[in-house]
Amino acid sequence: MSDIIIPTIEELTRRRMASLTLSEKAILEHPKEYREIKQLIRHIISRPIDISDYYKTARTLGRLLEKMTESGDQSLFHYYYTNIDPTRKGEARYFRANCLDLADQLNCIDEMRHRRRNIRVIH
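Rules used throughout
Residues numbered from 1 in each chain as written. Predicted model: local features only at pLDDT ≥ 70, side-chain atom pairs only at ≥ 80, totals over all residues. Heavy atoms only, no water. Helix = DSSP H or I, 4+ residues; strand = E, 2+ residues; numbered from the N terminus. Expected span 1.5 Å × (residues − 1). Buried < 20%, exposed > 50% of the residue type's maximum accessible area, 1.4 Å probe, protein only. Arc of directions from axis to C-beta. Contact = heavy atoms within 4.5 Å. Disulfide = S-S within 2.5 Å. Lys, Arg positive; Asp, Glu negative; His and termini not counted. Salt bridge = Lys/Arg side-chain N within 4 Å of Asp/Glu carboxyl O. Core = buried A, V, L, I, M, F, W, Y, C linked by side-chain atoms within 4.5 Å.

K.L.:
Account for helix α2 (residues 31-46), with residues named and values stated.
P.N.:
Along its 16 residues, α2 runs 23 Å from first to last C-alpha, staying within 8% of the 22 Å computed at 1.5 Å per residue. Listing the buried residues of α2 in full gives E33, Y34, I37, L40, I41 and I44. Buried residues in α2, looked at end-on, bunch into an arc of 130 degrees, giving them a common side. For α2, exposure combined with an orientation more than 90 degrees from the buried face picks out R35, Q39, R42 and S46.

Below, the structure is given as structure tokens:
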């Protein structure tokens, strides 16, 4: 038999909430970098990125994500840092998919923050 322990739904839910909470802490500590990440992600998702610009763009995003990981390696930012930054595990063929997924996760964090603090977005 295998010694692999499969986590329960409750354990996964607890880990998710801990990750979101740590990610929120990172946002509070680095609001400027968070805004830059969101802006860069919107740019990456909405326009084609020429392959010659991939490395520079991915490294810029990677550096911003790395700054956000100073709060802890269990945050969402740490996961995306290691999977987007080309000096880590990031690959060009997965870049847009990772950015789309990151955008969804940032929306989850923002929704959680709005619910907790009644934050309003002013356009």
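K.L.:
Residues and numbers for the environment of M112, please.
P.N.:
Note that M112 resides in helix α5 (residues 92-117). Considered as a pair, M112 and M17 are 95 residues apart in the sequence and their alpha carbons are 9.8 Å apart. Apart from the residues lying within four places of it in its own chain, the contact partners of M112 are M17, L20, T21 and E24.

K.L.:
Kindly report on the side chain of N98, identifying the contributing residues and their values.
P.N.:
Its place among the elements puts N98 in helix α5. By relative accessible area, N98 is classed as buried at 14%. Residues within four places of N98 in sequence aside, it is in contact with Y80, N83 and I84.

K.L.:
Pulling in residues and values, what's your account of the state of the cysteines?
P.N.:
Inspection of the entire model under this criterion finds 0 disulfides. Left unpaired, C99 is separated from the closest cysteine sulfur, that of C108, by 16 Å.

K.L.:
Account for the side chain of E33, with residues named and values stated.
P.N.:
Mapping E33 onto the fold places it in helix α2. Buried charged residue E33 carries no salt bridge. Nearest counter-charge: K67, at 5.0 Å. Those residues within four positions of E33 in sequence are excluded, and the remaining contacts are L64, K67 and M68.

K.L.:
Please set out the nonpolar core residue by residue, giving values where relevant.
P.N.:
Counting residues in each nonpolar core, the largest one holds 26 residues, and the members touching the most others are I37, L61, L65, F77, I84, F95 and L102. When contributions to this core are tallied by element, the ones reaching two or more residues are α1 (9-29), α2, α3 (51-68), α4 (76-84) and α5. Sort the elements by how many residues they give to this core and α5 lands first, with 7 residues. If near-sequence neighbours (up to four positions away) are discounted, F77 is found in contact with S23, A26, I27, Y34, I37, L65, M68, T69, L106 and I109.

K.L.:
Report on α3, specifying residues and quantitative values.
P.N.:
With 18 residues, α3 should reach 26 Å at 1.5 Å per residue; the first-to-last C-alpha distance of 26 Å fits that figure. Turning to α3, the residues buried within the fold contact α1, α2, α4 and α5.

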